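# Fold and geometry: a report
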Amino acid sequence: MKHLYLLLCLLAFTSFSTQAQLLPPDQPEQDACNALQICGNFTSPYSYQGNGTILDLPTTDCGDGEANSVWFKLVVNTGGIIVFTITPFTSTDDYDFAIVDITNGNCNSLSISDVIRCNFNNNSPVFNGGVLGLNTTSTSTSTFAGATGGSYLQQITANPGDVYLIMINNFGSPGPGGVYLPSAGFTLDFTGTTATFNGPSPTMVGLVPSCNSAQQLTLIMSENILCNSIEPGGSDFTVTGGSGGTLSSAVGVNCSGTSGYTDKILLNFSSPLPAGTYNLVAQTGSDGNTLLNTCSHPLVLPASLSFIVPPYVPPAFVSIEPPSCSEIKIKMATRVRCDSIAKDGSDFSISGPQASSVIAAYGTGCDSLNFTDTVVLLLQSPLHTDGTYTVTAKNGTDGNTQMDSCGLHQAVGDAISFSLNSYDGQVVATPDTLLCNAQYLQLGANNFS
């Protein structure tokens, strides 16, 4: 079975042909309910790995199921026959496919009984240039996994309103030592099809800020956009409101030049926007079109989204908790990268009536993006002398101070103070507590150095 070789395919990615772009696992279109809706011929320059976040089709009548897959959706507008070819960029690539009829079902619960065509033929040795699909002469509805030949299956006779999902598996090409390498992309060609297909027009659904939104935004689209419809200079958009702004570029995530498709577009501004409320307004770009989806349907104008650029807050100390024995917590004015905090505590110095030093530091509550607004400092020895102490930022052994999401660093010399003032002139610390004993301090130094 072909799926027995998938691990070997993954191990061979470092030898992958430069003709294709290997996408990270779990792309949206690798799940049936996020299938790319197409209305005719389509080219994918991508090599997919894995099954997406859901294993939609574990098996078929052809003996194998989903593996290194991408899903396409056809919604029939006018009835007729459906034929197509899947032509690999590289003839040695081994593609497989299955067609699922969900006209009276849904994408969430696919079963083997929904599969109306499947072709898992073997393309080693190369057969028919690796081309496979549906035609008007074949009477077969399946080609079993491992069989050589049987490139074509029987046409589909479709009615208006029918909905089909096409799963295309990338089994790859044989490489050195019999290890299969990922594929180099393919073209899905519907020449000869008399049925017609329809699909929705794309819309702009959201903006994801980068840093404080002043330098870059990520535009989220309702569906995938053809990379060649994105004008690289950003002229598909204008910025209104606030103090105005100018876009310098627009780049589709995963786009390889003008090849491919994406539902996320990075928009860069010529210069950082001042604080204010703005609108991102879509327009016809200098390339003569607005954004086009995988059915070549344009973004309907007018279309706009609003966004706010808040006043920039640099990374700086904002509040401090007096030490709990040998530990100090400092709140930052903005979130900082946890990995910009030198583990040995060298980003910080402490001064005051009692000599001490910072021997370790770390961010607490680091989020999924590795940012925090609270830094914990561990001191060489507990403070027991009353007075005013000052913590000061400096360049650590990592070569920097703390850094925010904009890539900007805390100013060297930024400082914050706190006071110790006990009733009897001393801070009483029980020497054998977990926090204050020498063993804890040594463990702290070992864990964070």
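## Points about the overall build of the protein chain
Looking only at helices and strands, one finds two helices and 31 strands in the protein chain. Residues classed as buried in the protein chain amount to 48% of the 449 residues present. Sequence separation of 24 or more characterises 71% of the internal contacts of the protein chain that already satisfy a separation of 6 or more.

## Things to note about the pattern of salt bridges
Using the criterion set out here, one finds five salt bridges in the structure. A salt bridge links Asp 373 to Lys 331; the nearest nitrogen and oxygen atoms lie 3.2 Å apart. Of this pair, Asp 373 sits in strand β29 (residues 371–379) while Lys 331 sits in strand β26 (residues 327–337), and the two are 42 residues apart along the sequence. Taking the relative accessible area as the measure of exposure, Lys 331 reaches 36% and is therefore partly exposed. One salt bridge connects Arg 335 with Asp 373, and the closest N-O pair in it is separated by 4.0 Å. Of this pair, Arg 335 sits in strand β26 while Asp 373 sits in strand β29; the two residues are 38 residues apart in sequence, bridging distant segments of the chain. Residue classification places Asp 373 among the partly exposed positions, given a relative accessible area of 23%.

## Looking at the sheet that holds β29
The antiparallel open sheet is built from four strands, whose spatial order is β25-β26-β29-β28. With one partner strand each, in any of the chains shown, β25 (317–324) and β28 (358–363) form the two edges of the open sheet. Recorded for the sheet is a direction-independent mean angle of 20 degrees between the axes of neighbouring strands.

## Here we look at unusual backbone geometry
In this structure, Pro 125 follows Ser 124 across a cis peptide bond, with omega equal to 5 degrees. The peptide bond linking Leu 301 to Pro 302 adopts the cis configuration, its omega dihedral lying at 0 degrees. Mapped onto the elements of the fold, Pro 302 is located in the loop between β23 (276–282) and β24 (304–309). Of note in this structure, Asp 26 is not a glycine but carries a positive phi near 65 degrees.

## Examining the environment of Leu 207
Within the fold, Leu 207 resides in strand β18 (residues 204–210). Leu 207 has contacts with Leu 217, Thr 218, Leu 219, Leu 280, Leu 305, Ser 306 and Phe 307, leaving out every residue within four places of it along the chain.

## Side note on the confidence of the model for the protein chain
On average, residues of the protein chain score 88 in pLDDT, and 89% of them are at 70 or above. Under a pLDDT of 50 for its full length, residues 3–19 has, in the predicted model, 24 contacts with residues more than four places off or in other chains.

## Considering the nonpolar core
Of all hydrophobic cores here, the largest spans 57 residues; its most connected members are Phe 72, Ile 82, Phe 84 and Ile 168. In terms of residue count, strand β19 (residues 216–226) provides more of this core than any other element does, five residues in total. Look past the residues within four positions of Ile 82 in its chain and what remains in contact with it is Val 76, Leu 134, Gln 155, Ile 156, Ala 158, Tyr 164, Phe 190, Thr 193, Ala 195 and Phe 197. Residues Phe 317, Ile 341, Leu 377 and Val 391 belong to the second largest nonpolar core, which totals 21 residues.

What counts as what
- Residues numbered from 1 in each chain as written.
- Predicted model: local features only at pLDDT ≥ 70, side-chain atom pairs only at ≥ 80, totals over all residues.
- Heavy atoms only, no water.
- Helix = DSSP H or I, 4+ residues; strand = E, 2+ residues; numbered from the N terminus.
- Buried < 20%, exposed > 50% of the residue type's maximum accessible area, 1.4 Å probe, protein only.
- Contact = heavy atoms within 4.5 Å.
- Salt bridge = Lys/Arg side-chain N within 4 Å of Asp/Glu carboxyl O.
- Pairing = 2+ DSSP bridges.
- Axes fitted to C-alpha atoms, helices over the stretch in contact; angles between N-to-C directions.
- pLDDT = per-residue confidence, 0-100.
- Core = buried A, V, L, I, M, F, W, Y, C linked by side-chain atoms within 4.5 Å.

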